[in-house]
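Listed here are the chains, written in short residue letters.
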Amino acid sequence: MKNKLCSSIAAGLISTSAYAAERLPTIPSDQYTTEQQKAAEEFLATRKVPVFGPFEPLMHSPQVMTQARAMGDYLRYNSAIGNTLSELAILITAREWTQDFEWYVHYPIALKMGIKPEIANAIADGTRPVGMTADEEIVYDFSTELHKNKRVSDATFARAEKRFGKKGVVDLTGINAYYSLLAMQLNVAQYQVPKESKKLVRFPE
């Protein structure tokens, strides 16, 4: 179900080439180098849609784009914590980096996967959500500590390890790191969202 949803959203975002900023503009496919063409073909074969979103600025370094796409293939769709909780971690990361495009794409996916709107909206507002499940609390605490403190407390680590195992802890860390990478690239590129989309509030530094 998730692959179909993501493909549908991605298909609707193909036109976002027009939103790419001038820093790292979207490269027209007819101007691809040999390496870029190969990377684009691999992307299409794997994701079933043309290069879009954060992968557009990444195409200026097709090797990085391909490696990032491959990591995302696992972390987004097959991680040890499951797809619903991974979407929660993605929203937390998007909020931490105030990454509008990441939020624009993943907010509806998170709701579709079972994250309650009030939980997602609280994250957008920068407040701790109420009514989270025990698993959601573990993911929220782990991800929030990791972003804000640059490390995770022993107590929070122990809870995550007990629930998800060591593999789950590594995967959860990886999801936060991977979507931080994409958020960084999007922020550096000043990649825009459609004008009609709602933007995250910029918090004071």
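What you see is a predicted model, and the numbers here were worked out from it, not measured in a lab.

Reading guide: rules and limits
Residues numbered from 1 in each chain as written. Predicted model: local features only at pLDDT ≥ 70, side-chain atom pairs only at ≥ 80, totals over all residues. Heavy atoms only, no water. Phe/Tyr/Trp six-rings, centres within 6.5 Å; stacked < 30°, edge-to-face > 60°. Helix = DSSP H or I, 4+ residues; strand = E, 2+ residues; numbered from the N terminus. Buried < 20%, exposed > 50% of the residue type's maximum accessible area, 1.4 Å probe, protein only. Salt bridge = Lys/Arg side-chain N within 4 Å of Asp/Glu carboxyl O.

Draft legend 1. Inspection of the packing of aromatic side chains at higher detail. Counted under the stated rule, the structure contains seven aromatic pairs. Note on W103 and Y107: the rings are 5.7 Å apart at their centroids and 25 degrees apart in plane angle, and the pair reads as stacked. Taken together, the residues W103 and Y107, both in helix α6 (residues 100–113) and four residues apart, mark about one turn of the helix. For Y107, a relative accessible area of 21% gives the class partly exposed. An aromatic cluster of three or more residues is present, and its members are F43, F52 and F55.

Draft legend 2. Molecular detail of the pattern of salt bridges. Under the criterion given, the structure shown has nine salt bridges. Linking E42 and R69 is a salt bridge whose minimum nitrogen-to-oxygen distance equals 4.0 Å. Highlighted residues: E42 in helix α2 (residues 34–47) and R69 in helix α4 (residues 62–77), separated in sequence by 27 residues. Look at R69 and you get buried, because its relative accessible area is 8%. Two residues, K166 and E161, come together in a salt bridge whose shortest N-O distance is 2.2 Å. Classification of K166 as exposed rests on a relative accessible area of 57%. Residue E161 is classed as partly exposed on the basis of its relative accessible area of 24%. Within this structure, E42, R47, R69 and D73 form a network of salt bridges that share partners.

The values are spatial; any link to function lies outside them.
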